[in-house]
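What follows is the residue order along each chain.
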Amino acid sequence: MPTRCAGCGAVFPDMEGPTHAYMQSSPACFAAFTKLLAAEYSSAALRSVHRLTVDTWAVQHPGSAEDRRAIQSVGLHLARLMLQLERPGSPMQTNAVMLDFSHYKGTLRRLAPPEAFRVTVAEVVDFAGTPSHADKVRQWAETTWEGYAEHHEYIRRWIDDGPDEGRSSKGCE
Ligand SMILES: [Zn+2]
């Protein structure tokens, strides 16, 4: 029986299997995600889109609005998605910025996801490991970032002003 993923809306045949602790998805959707990751780990050429895959899948699975880990996860992954798409630097630079972000992730507020995503992992997984893999991931990442348009300003401001805000609000959590 086909099942719709509660996170991204992708429809896959029903299956049993593991899911992530707070990025809630159907087991089949999680399996599709791990299939993409496996292809990326085994190919030097696909390393360049690995973070896009992780960030895109993460923000399409926002989990519970009550779970602080889930709220922070969406904000951090959206921030990294934005950096890669709008301010591309080396993976090392992106990682360094993310490490810095993680110190003040407590300031992130919940960012409600769009009602639907135009592209999901279901449109990408069949291309895992093929010459189209990277292009499909980029398209998935770009449409997902567009889908979060109402939060673009918040994310850009959080990235640019975040450290100060984070320091001043320490201890308020
Ligand atoms: Zn999903």
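Quick caveat, the model's predicted, so the values are computed rather than measured.

1. Looking at the coordination of the zinc ion
- Distances from the zinc ion to its protein donors, C5 (SG), C8 (SG), C29 (SG) and H61 (NE2), fall at 2.0 to 2.3 Å.
- The site at the zinc ion holds 4 donor atoms, and with the angles between them running 103 to 117°, its shape is tetrahedral.
- As a motif over one chain, the donors of the zinc ion read C-x2-C-x20-C-x31-H. With C29 in helix α1 (residues 27-41) and H61 in the loop between α2 (47-59) and α3 (68-86), this pair connects stretches of sequence that are 32 residues apart. Per residue, the accessibility class of C29 equals that of H61, and both read buried.

2. A look at the packing of α1 against helix α5 (residues 133-147)
- Viewed as axis vectors pointing N to C, α1 and α5 meet at an angle of 130°, and their least axial separation amounts to 12 Å. For the element pair α1 / α5, the angle class is oblique. In this structure, α1 meets α5 at a crossing whose hand is left-handed. Packed against α1, whose contacting residues are L36, A39 and E40, the element α5 presents H133, V137 and W140 at the interface.
- For the contact of α1 with α5, the class distribution of residues is 4 nonpolar, 1 polar and 1 charged.

3. So, helix α4 (residues 91-102)
- Along its 12 residues, α4 runs 16 Å from first to last C-alpha, staying within 8% of the 16 Å computed at 1.5 Å per residue.
- Along α4, the residues that are buried comprise T94, M98 and F101. The arc that holds the buried residues of α4, viewed along the axis, is 55°, so those residues lie on one side. Exposed positions of α4 whose direction lies more than 90 degrees from the buried face are M92 and L99.

4. Structural notes on the environment of M98
- Assignment of secondary structure puts M98 in helix α4.
- Take M98: its relative accessible area is 12%, and that puts it in the buried class.
- C-alpha of M98 to C-alpha of D55: the two residues are 43 residues apart in sequence and 12 Å apart in space.

5. Regarding the packing of aromatic side chains
- Taken as a whole and judged by the stated rule, the model has 7 aromatic pairs.
- Where Y104 meets W158, the ring centres are 4.8 Å apart and the plane angle is 40°; that geometry is what we call tilted. Of this pair, Y104 sits in the loop between α4 and α5 while W158 sits in helix α6 (residues 152-168); the two residues are 54 residues apart in sequence, bridging distant segments of the chain.
- Under the relative-accessibility criterion, W158 is labelled buried at 2%.

6. A few points about the side chain of T94
- Note on placement: T94 falls in helix α4.
- In contact with T94, not counting residues within four places along its chain, are R80, Q84 and G89.

7. Quick word on the nonpolar core
- Counting 47 residues, the largest nonpolar core has L78, F101, I155 and W158 as its most contacted members.
- Looking at this core, the elements with two or more residues in it are α1, α2, α3, α4, α5 and α6.
- What I155 contacts, discounting residues up to four positions off in sequence, is G75, L78, A79, M82, L111 and W145.

8. Points about the pattern of salt bridges
- Applying the stated criterion across every chain yields a total of 7 salt bridges.
- The salt bridge involving R118 is made with E146; its shortest N-O contact spans 3.3 Å. Pair noted here: R118 is in the loop between α4 and α5 and E146 is in helix α5, with a separation of 28 residues, a long-range link.
- Exposure remark for E146: the relative accessible area of 45% places this residue in the partly exposed category.
- A salt bridge links R156 to E153; its shortest N-O distance comes to 2.8 Å. With R156 and E153 both in helix α6 and 3 residues apart, this pair spans about one turn of that helix.
- On the accessibility criterion, R156 (23% relative accessible area) is partly exposed.
- Through salt bridges with shared partners, one network takes in E86, E153 and R156.

What counts and how
Residues numbered from 1 in each chain as written. Predicted model: local features only at pLDDT ≥ 70, side-chain atom pairs only at ≥ 80, totals over all residues. Heavy atoms only, no water. Donors = N, O, S within 2.8 Å, 3.2 Å for Na, K, Ca; no water. Tetrahedral: all angles 85-135°; square planar, octahedral: opposite > 155°, others 65-115°. Helix = DSSP H or I, 4+ residues; strand = E, 2+ residues; numbered from the N terminus. Buried < 20%, exposed > 50% of the residue type's maximum accessible area, 1.4 Å probe, protein only. Axes fitted to C-alpha atoms, helices over the stretch in contact; angles between N-to-C directions. Parallel < 35°, antiparallel > 145°, perpendicular 65-115°, else oblique. Left-handed = near helix turned anticlockwise from the far one by under 90°. Contact = heavy atoms within 4.5 Å. Nonpolar A, V, L, I, M, F, W, Y, C, P; charged D, E, K, R; others polar. Expected span 1.5 Å × (residues − 1). Arc of directions from axis to C-beta. Phe/Tyr/Trp six-rings, centres within 6.5 Å; stacked < 30°, edge-to-face > 60°. Core = buried A, V, L, I, M, F, W, Y, C linked by side-chain atoms within 4.5 Å. Salt bridge = Lys/Arg side-chain N within 4 Å of Asp/Glu carboxyl O.

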